[in-house]
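# Structural overview for review
If you want the building blocks of each chain, they are given just below.
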Amino acid sequence: MKKLVFIFVMLCMFSCGDYIDKPKNLIEPEKMAEILADLAITDQAVIIYPNKNLEAGTRFVLKTHNIKSEDFVESFKYYVIKDKMKNIAEDAQKIVLKKDPKANKYIQDKLKKSGVTPVLNR
């Protein structure tokens, strides 16, 4: 009986693998951060122009980076499951701050007013 339990435990340990396989066209973390930064900037344009189509902006960003939407989605899922998205989002925030220095003032003002960290700063 002890041998049977031991074999069962060993099978369980070695059968556990990754939740997700590495995508064939995985986007590199640096490139993913650039794409997320551009998507965040595009998202802000929709707030300024509420009657515009966000989907068109998303397609434009992906086309600019020569990325297929399927590859982006698969890479995004992979990084989320592998718990690497936080670092990528932090890199994206740094890119946004380089592109728009006023964003840092916005983040600091939000922190002072509400104490709630803006989404990309979490």
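Residues numbered from 1 in each chain as written. Predicted model: local features only at pLDDT ≥ 70, side-chain atom pairs only at ≥ 80, totals over all residues. Heavy atoms only, no water.

- Under an unreviewed UniProt entry, the name given to the chain is DUF4296 domain-containing protein, and the organism recorded is Chryseobacterium shigense.

## What to know about the pattern of salt bridges
- Summed over all chains, the structure comprises two salt bridges.
- Here Asp 38 and Lys 99 are joined by a salt bridge, their closest N and O atoms 2.5 Å apart. Here Asp 38 is found in helix α2 (residues 29-48), whereas its partner Lys 99 is found in helix α5 (residues 85-99), with 61 residues between them in sequence.
- When its relative accessible area of 16% is taken as the criterion, Asp 38 is described as buried.
- Residue Lys 77 is joined to Glu 74 by a salt bridge in which the shortest nitrogen-to-oxygen separation is 3.4 Å. Taken together, the positions of Lys 77 and Glu 74, both in helix α4 (residues 69-81) and three residues apart, correspond to about one turn of that helix. (Salt bridge = Lys/Arg side-chain N within 4 Å of Asp/Glu carboxyl O. Helix = DSSP H or I, 4+ residues; strand = E, 2+ residues; numbered from the N terminus. Buried < 20%, exposed > 50% of the residue type's maximum accessible area, 1.4 Å probe, protein only.)

## Side note on the nonpolar core
- In terms of nonpolar packing, the biggest core is built from 22 residues, with Met 32, Ile 35, Leu 36, Phe 72, Tyr 79 and Ile 88 touching the most fellow members.
- Residue assignment for this core shows that the elements contributing at least two residues are α2, α3 (54-64), α4 and α5.
- Here this core gets seven residues from one element, more than from any other, and that element is α2.
- What Tyr 79 contacts, discounting residues up to four positions off in sequence, is Leu 26, Ile 27, Glu 28, Pro 29, Met 32, Lys 84, Met 85 and Ile 88. (Core = buried A, V, L, I, M, F, W, Y, C linked by side-chain atoms within 4.5 Å. Contact = heavy atoms within 4.5 Å.)

## Side note on the packing of aromatic side chains
- Overall, the coordinates contain two aromatic pairs when judged by the stated rule.
- Where Phe 72 meets Phe 76, the ring centres are 6.1 Å apart and the plane angle is 35°; that geometry is what we call tilted. With Phe 72 and Phe 76 both in helix α4 and four residues apart, the pair spans about one turn of that helix.
- Seen in terms of ring centroids, Tyr 78 and Tyr 79 are 5.7 Å apart; in terms of plane orientation they differ by 65°. Their pairing is edge-to-face.
- Classification of Tyr 78 by relative accessible area gives buried; the value is 9%. (Phe/Tyr/Trp six-rings, centres within 6.5 Å; stacked < 30°, edge-to-face > 60°.)

## Observations concerning α5
- Between its first and last C-alpha atoms α5 spans 21 Å; for 15 residues at 1.5 Å apiece the expected length is 21 Å, and the two agree.
- Among all positions in α5, only Met 85, Ile 88, Ala 92, Gln 93, Ile 95 and Val 96 are buried. Relative to the axis of α5, the buried residues are bounded by an arc of 160° and lie together on one face. Set apart from the buried face of α5 by more than 90 degrees, the exposed residues are Lys 86, Lys 94 and Lys 98.
- Looking at the buried residues of α5, the elements they touch are α2, α4 and α6 (102-114). (Expected span 1.5 Å × (residues − 1). Arc of directions from axis to C-beta.)

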